[in-house]
Amino acid sequence: MPVPARPVTLNVNGRAYTLHLEPRVTLLDALREYAGLMGTKKGCDRGQCGACTVLVEGRRINACLTLAVMHEGEAITTVEGLARNNALSPIQQAFVKHDAFQCGYCTPGQLCSATALLDEFRAGAASTVTANVRLRPPQLSDDEIRERMSGNLCRCGAYPNIVAAVRAVNDGTA
Ligand code: FES
Ligand code: FES
């Protein structure tokens, strides 16, 4: 039996969107089809490609794998919210400088994922390839970047330049 739609208020990029949603609507569809925020991309719609990556309370998630109604009251950031005061964020600038995209379809997810990656790394979070979890400050090697970005696929194969962009922001050379 269908469950009726109801108003759901999402806080996206600092703005409240009150949307009329059925409970089965994913966060990805709510953003794209109801809020009109088309920056977040739908690739596989099943958690395999990372094109739909957004930040929820600063943590990266696949928006296709979660329901919009689960995120009322949480701060959601999409690619449209990464720039501040008409200035691209450091990782956005680095993607441009290092030519870290070709068709651009995966890029919004890559940017959100890289933004969270840098925060996770600075907070000292280890990954499955961290050789020494006691080393301070930790080293963000290319292997670390590849592992930490492994949830985001790029069919154009821009991986070397994506790694270079992330490394440059972490090193302060972007
Ligand atoms: S569209 Fe969500 S992981 Fe591919
Ligand atoms: S730039 Fe085309 S899929 Fe990544």
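See the structure printed just above.
In what follows, the accompanying structure is described. Given the structure is predicted, the values throughout are model-derived calculations rather than measurements.

### Concerning the overall build of the protein chain
Looking only at helices and strands, one finds 5 helices and 5 strands in the protein chain. What you see in the protein chain, going N to C, is helices and strands ordered as β-β-α-β-β-β-α-α-α-α. Relative to a compact globule of 174 residues, whose C-alpha radius of gyration would be 16 Å, the protein chain shows 17 Å and is just as compact. By its C-alpha atoms, the protein chain is 55 × 35 × 30 Å across when sized along the principal axes. A burial count over the protein chain gives 42% of its 174 residues as buried. Summarising the internal contacts of the protein chain: among those between residues at least 6 apart in sequence, 54% fall at separations of at least 24. For the protein chain, the accessible surface area stands at approximately 9,400 Å², while carbon and sulfur atoms represent 51% of it. Each charge class in the protein chain was averaged separately, 18 positive and 16 negative side chains, and the resulting centres sit 1 Å apart.

### So, the packing of helix 2 (residues 90-97) against helix 5 (residues 159-171)
Across the interface, helix 2 lies against helix 5 with an axial gap of 9 Å and an inter-helix angle of 135°. By the angle between their axes, helix 2 is oblique relative to helix 5. The chirality of how helix 2 crosses helix 5 is right-handed. Counting all contacts with helix 2, which are made through Pro90, Ile91, Ala94 and Phe95, the residues of helix 5 involved are Ile162, Ala165, Val166 and Val169. In the contact of helix 2 with helix 5, the residues fall into 8 nonpolar, no polar and no charged.

What counts, and at which threshold
Residues numbered from 1 in each chain as written. Chains lettered and ligands numbered in written order. Predicted model: local features only at pLDDT ≥ 70, side-chain atom pairs only at ≥ 80, totals over all residues. Heavy atoms only, no water. Helix = DSSP H or I, 4+ residues; strand = E, 2+ residues; numbered from the N terminus. Rg over C-alpha atoms; globule rule 2.2 N^0.38 Å. Buried < 20%, exposed > 50% of the residue type's maximum accessible area, 1.4 Å probe, protein only. Contact = heavy atoms within 4.5 Å. Areas by Shrake-Rupley, 256 points an atom, 1.4 Å probe, with all protein chains shown as cover. Lys, Arg positive; Asp, Glu negative; His and termini not counted. Charge placed at Lys NZ, Arg CZ, Asp CG, Glu CD. Axes fitted to C-alpha atoms, helices over the stretch in contact; angles between N-to-C directions. Parallel < 35°, antiparallel > 145°, perpendicular 65-115°, else oblique. Left-handed = near helix turned anticlockwise from the far one by under 90°. Nonpolar A, V, L, I, M, F, W, Y, C, P; charged D, E, K, R; others polar.

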